[in-house]
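Reading the structure
Next come the chains, spelled out residue by residue.
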Amino acid sequence: MDLAERLADVDARIASAMRASRRAPETVTRIVVTKFHPPTLIESLYALGVRDLGENRQQELTAKHEALAGLPGLRWHFIGQGQTNKARAIRAAADAVHSVDRAKLADALHAAAPDAAPLDVLLQVNLTGDPGRGGTQPADLPALAGHVAEACPSLRVRGVMAVAPLGEDPAPAFARLADAAAVVRAVVPDADWISAGMTGDFEAAIAAGATHLRIGSAITGPRPVHG
Ligand SMILES: *Cc1c(COP(=O)(O)O)cnc(C)c1O
């Protein structure tokens, strides 16, 4: 399959999973994760109608955002681990940050542009029992949501994000994420985004209510080797 066929195939699978869950097709956004791929691939995706892109490294996000500034309507989603000293650069390039996992990062993103138009942010949830993995523990979500809502007026809390734990059935993990989303909505009532679902598990994520899918290799093909 070529790029157009892979994109069409994934979109058909998304449409069928949405129908199976009796969800309206426009309530899900398919983000194409283009990390490690060159800007030329993004130009090809753009020609196929793709507008939402995901990147997980600040330098790569910044470089591609600049290289592709001539394409109107692109929306850049930062989905990687954010460092506070890169907050200014992330804020300059991203339309949404899916990976806010601590108050310090939220503070840095706010301080980078306190008077700018609000930046959409998602709170990343750790669905494993291992505190070393990315994301905040579910028990800490109300405090983090409250902090961002009160202390970071240039950020808009839109919901939650997670990666399903490796080697586990994704369905119960995504059910825990749906619970976490409800916890955040108790603090920020209109925070109704759930960013979940990758190449291997996006159908399970749709069944659990995901509103933003982050799909890479099923659409782009294998990622180039990187250093
Ligand atoms: C790379 C990545 C994805 C996409 O992964 P695929 O398995 O290629 O679909 C999604 N989310 C995050 C956070 C990623 O880093």
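Residues numbered from 1 in each chain as written. Predicted model: local features only at pLDDT ≥ 70, side-chain atom pairs only at ≥ 80, totals over all residues. Heavy atoms only, no water.

On to the nonpolar core, then. Membership of the largest hydrophobic core comes to 62 residues, with the highest contact counts inside it found for Ile14, Val97, Leu109, Leu123, Val148 and Leu177. With residues near it in sequence (within four places) discarded, valine 148 still touches Ala106, Val121, Leu123, Leu155 and Val157. In this structure, Val33, Ala96, Met161 and Trp193 belong to the second largest nonpolar core, which totals 6 residues. (Core = buried A, V, L, I, M, F, W, Y, C linked by side-chain atoms within 4.5 Å. Buried < 20%, exposed > 50% of the residue type's maximum accessible area, 1.4 Å probe, protein only. Contact = heavy atoms within 4.5 Å.)

A few words now on the pairing of strand E8 (residues 212-215). Here E8 shows no split at all, with His212 and Arg214 on one side and Leu213 and Ile215 on the other all buried. Sheet topology note: the strand E1 (residues 29-33)/E8 ladder contains 4 bridges and is parallel. Bridge assignment links valine 32 to a residue of E8, and that residue is isoleucine 215. (Helix = DSSP H or I, 4+ residues; strand = E, 2+ residues; numbered from the N terminus. Pairing = 2+ DSSP bridges.)

This paragraph deals with the UniProt feature "modified residue: N6-(pyridoxal phosphate)lysine" (unreviewed entry) in the protein chain. As recorded in UniProt, the sites labelled "modified residue: N6-(pyridoxal phosphate)lysine" (unreviewed entry) are Lys35. With respect to the secondary-structure elements, lysine 35 resides in the loop between E1 and helix H2 (39-47). On the accessibility criterion, lysine 35 (15% relative accessible area) is buried. (UniProt positions renumbered as here; feature names shortened; annotations may be inferred.)

As a further point, take unusual backbone geometry. Backbone geometry places arginine 22, a non-glycine residue, at a positive phi of 55 degrees. Summarising the element assignment, arginine 22 is placed in the loop between helix H1 (3-20) and E1. If you check the backbone angles, phenylalanine 36 has positive phi at about 75 degrees while not being a glycine. Residue placement: phenylalanine 36 occurs in the loop between E1 and H2. A relative accessible area of 19% places phenylalanine 36 in the buried class.

As a further point, take the layout of surface pockets. Put simply, the largest pocket is a space of about 670 Å³. Taken together, 31 residues form the lining of the largest pocket, with Arg133, Val163, Ala164, Met198 and Arg214 sitting closest to its centre. In terms of residue class, the lining of the largest pocket is built from 11 nonpolar, 13 polar and 7 charged. In this model, the second largest pocket occupies a volume close to 160 Å³. Looking at the second largest pocket, the residues that line it are Asp11, Ile14, Ala15, Met18, Pro25, Val28, Thr29, Arg30, Gly49, Val50, Arg51 and Asp52. Of all the secondary-structure elements, those providing two or more residues to the lining of the second largest pocket are H1 and E1. For the lining of the second largest pocket, the leading source of residues is H1, giving 4 residues. (1 Å grid on protein atoms, 1.4 Å probe; cavity = no way out; pocket = protein on both sides within 12 Å on 5 of 7 lines; lining within 4 Å. Points joined across faces, edges and corners; volume = space filled by probe spheres on them. Nonpolar A, V, L, I, M, F, W, Y, C, P; charged D, E, K, R; others polar.)

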